[in-house]
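# Descriptive analysis of the structure
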Amino acid sequence: MTKKPGILVTGGTGYIGSHTVVELIEQGYDVFIIDNLSNSHAEVIDSIEAITGVRPGFGNIDLNNKSAVQEFLRIHKVEAIIHFAAFKAVGESVEKPIEYYRNNLVSLLNLIEICKENKIKNFVFCSSCSVYGAPDYLPNDQFAAVKPAQSPYANTKKIGEDILRDTSSVNDLQVISLRYFNPVGAHPSAKIGEYPVGPPLNLFPIVTQTAIGKRSQMKVFGTDYNTPDGSCIRDYIHVVDVARAHVVAIERMLSDKTKAKYELFNLGTGNGLSVLEIIKTFEAVTGVKVNYECVPRRSGDVEKVYADTKYANTELGWKTTHTLENMITSAWAWEQVLQKKSMATSK
Ligand code: WQD
């Protein structure tokens, strides 16, 4: 099979990044990863090789170190960049705004300049439904107003999109921004999954850690929202479906099918599910009880948000294929792998 072009995946040892690297390799792309391992593990490279039989190139580089990125790309030629590398916890960003703005925005500005200097013309930006804030209408389509960000994390995504929209209009850069809803679950091989360095802050890994006994109890942040059961509603989407959307976006750009210099797609399932529904469905699917306590709301949370997927389905030609059950069973299988890993290292 003729080798397809080289693709740089920043944050490629991270959660969505590693799943995207697997899908790109399986489609024949020559994949290179830059990651500073601030929230991921180098062993993910071994796992990617174990799944695909191919070991992606890897640079343990911080994107704020522009010359190191330049040197890496002098050796590894790429035609496109998929930019995942960013701090991503909504709640944490409220407590650490400076770190979030510096890390997420300086790295993006460096990459855009590098694209110009290296004549890299294709850029996929990992954005987020959190730019919609508390949406005026649901389901959320890509035309929905971008609201004042409810957290510094969301603001870095909003500002990132604006930077890319402005720069793509005056130079050769073709950009596709993908606004994720809530990526969850793990690769069916259970060789990769959500594997943060520190304790996770988002719902699914907290549910599975509680179920496996790593946590004695989890908190449900707010049951007084204006939703059927009072808990927040989100659009949970399988990480492999999210990863596959990136391959579709790359192919759209490399085959010149884009219709504007800056394109934008929502990546969701279109189904909104509450926190309590997730917990109850997890218990029903796995047969494992989750011990939780209902506590006051978490700052930065919006009440409900879920995607209108029509445009991504028709224009991008991408549809989700994984069910909520796949999301739960794959997340649970991965949690059990993590437990074995931690038992092996604690011996
Ligand atoms: C979901 C719901 C919490 C933990 C995510 C990503 C973020 C971005 C936007 C992509 C909320 C509740 C959580 C817990 C809980 N995605 N919760 N107890 O805030 O929607 O943000 O989507 O860019 O990167 O993290 O996700 O999983 O933190 O919260 O009750 O212990 O679960 O209050 O209602 P969020 P989350």
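Above this note sits the structure.
Residues numbered from 1 in each chain as written. Predicted model: local features only at pLDDT ≥ 70, side-chain atom pairs only at ≥ 80, totals over all residues. Heavy atoms only, no water.

### Remarks on the state of the cysteines
One pass over the full model with this rule turns up zero disulfides. Looking at the unpaired cysteine 129, the closest cysteine sulfur is the one in cysteine 232, lying at 12 Å. Cysteine 129 gets classed as buried once you look at its relative accessible area, which sits at 7%. (Disulfide = S-S within 2.5 Å. Buried < 20%, exposed > 50% of the residue type's maximum accessible area, 1.4 Å probe, protein only.)

### A word on the packing of helix H5 (residues 97–118) against helix H6 (residues 152–168)
Interaxial distance between H5 and H6 falls to 9 Å at its minimum, and their mutual angle equals 20 degrees. Classified by the angle between their axes, H5 and H6 sit roughly parallel to one another. Judged by the sense of rotation from one axis to the other, the crossing of H5 with H6 is right-handed. Here H5 contributes Pro97, Tyr100, Tyr101, Asn104, Leu105, Leu108, Leu109 and Ile112 to the contact with H6, which in turn contributes Pro152, Tyr153, Asn155, Thr156, Ile159, Gly160, Ile163, Leu164 and Thr167. Considering only residue class, the contact of H5 with H6 consists of 12 nonpolar, five polar and no charged. (Axes fitted to C-alpha atoms, helices over the stretch in contact; angles between N-to-C directions. Helix = DSSP H or I, 4+ residues; strand = E, 2+ residues; numbered from the N terminus. Parallel < 35°, antiparallel > 145°, perpendicular 65-115°, else oblique. Left-handed = near helix turned anticlockwise from the far one by under 90°. Contact = heavy atoms within 4.5 Å. Nonpolar A, V, L, I, M, F, W, Y, C, P; charged D, E, K, R; others polar.)

### Here we look at the sheet that holds strand S3 (residues 57–59)
The strand order S3-S2-S1-S4-S5-S6-S11 describes an open sheet built from seven strands, whose pairing is parallel. Both edges of this open sheet fall to S3 and strand S11 (262–267), since each of them pairs with a single strand only. For this sheet, the mean angle separating the axes of adjacent strands, direction not counted, is 20 degrees. Across seven bridges, the pairing between strand S5 (residues 122–128) and strand S6 (residues 174–180) is parallel. Of the residues in S6, the one forming a bridge with serine 127 is arginine 179. The strands that H5 touches are strand S1 (6–10), strand S4 (80–83) and S5; relative to S4, the one it contacts most, it runs at about 175 degrees. In the packing of helix H8 (residues 239–254) onto the sheet, contacts are made with S1, S4, S5, S6 and S11, and the angle to S6 comes to roughly 165 degrees. (Pairing = 2+ DSSP bridges.)

### Let's talk about the site of the ligand
Around the ligand, the surrounding shell holds 21 residues, and the nearest of these are Tyr153, Leu203, Lys219, Arg234 and Asp301. In this structure, phenylalanine 181 approaches the ligand through a main-chain N or O atom, which is 3.5 Å from a nitrogen atom. Here the ligand has 680 Å² of accessible area as a free molecule, and 93% of this is covered by the chains. Elements supplying a minimum of two residues to the shell around the ligand: S5, helix H7 (203–212) and strand S8 (218–221). (Near = heavy atom within 4 Å. Polar contact = N/O pair within 3.5 Å; in protein donor to acceptor, adjacent residues only side chain to side chain. Areas by Shrake-Rupley, 256 points an atom, 1.4 Å probe, with all protein chains shown as cover.)

### With respect to the side chain of asparagine 140
Locating asparagine 140 in the fold gives a position in the loop between S5 and H6. Here asparagine 140 falls in the buried class, since its relative accessible area comes to 0%. Not counting residues up to four positions away in its chain, the partners in contact with asparagine 140 are Tyr132, Pro135, Phe181, Asn266, Val305, Tyr306, Ala307 and Asp308.

### As for unusual backbone geometry
A cis amide bond links leucine 138 to the next residue, proline 139, at an omega of -5 degrees. Here proline 139 is to be found in the loop between S5 and H6. In this model, lysine 119 sits at a positive phi of 55 degrees, which is unusual for a non-glycine residue. When you line up the elements, lysine 119 lands in the loop between H5 and S5. Since its relative accessible area comes to 64%, lysine 119 is described here as exposed. With a phi close to 50 degrees, aspartate 256 is a non-glycine residue in the positive phi region. Inspection of the secondary structure puts aspartate 256 in the loop between H8 and S11.

### Regarding the pattern of salt bridges
This structure, assessed with the given rule, holds 23 salt bridges. Here aspartate 301 makes a salt bridge to arginine 298, at a shortest N to O gap of 2.9 Å. The partly exposed category is assigned to arginine 298, whose relative accessible area is 27%. Here aspartate 308 and lysine 310 are joined by a salt bridge, their closest N and O atoms 2.9 Å apart. (Salt bridge = Lys/Arg side-chain N within 4 Å of Asp/Glu carboxyl O.)

### Overview of the packing of H7 against helix H11 (residues 324–346)
In contact at an axis separation of 9 Å, H7 and H11 are set at 55 degrees when each is read in the N-to-C sense. In terms of orientation, H7 and H11 fall into the oblique class. Here H7 runs over H11; the crossing is right-handed. Mapping the contact onto sequence places Phe204, Pro205, Thr208, Gln209, Ala211 and Ile212 in H7 and Leu324, Met327, Ile328, Ala331, Trp332, Glu335, Gln336 and Gln339 in H11.

### Thoughts on the pairing of strand S2 (residues 30–34)
Most of S2 is tucked away: four of the five residues are buried. The pairing of S1 with S2 spans five bridges and is classified as parallel. Among the inter-strand pairings, threonine 10 is bridged to a residue of S2, identified as isoleucine 34. For the segment spanning S1, helix H1 (residues 15–26) and S2, crossover handedness is right-handed. Here S2 pairs with S3 via three bridges, running parallel. Directly across from phenylalanine 32, in S3, lies its bridge partner glycine 57. At this point the chain moves from S2, through helix H2 (residues 43–52), to the parallel S3, and the crossover so formed is right-handed. (Right-handed = clockwise from strand over helix to strand, strands pointing away.)

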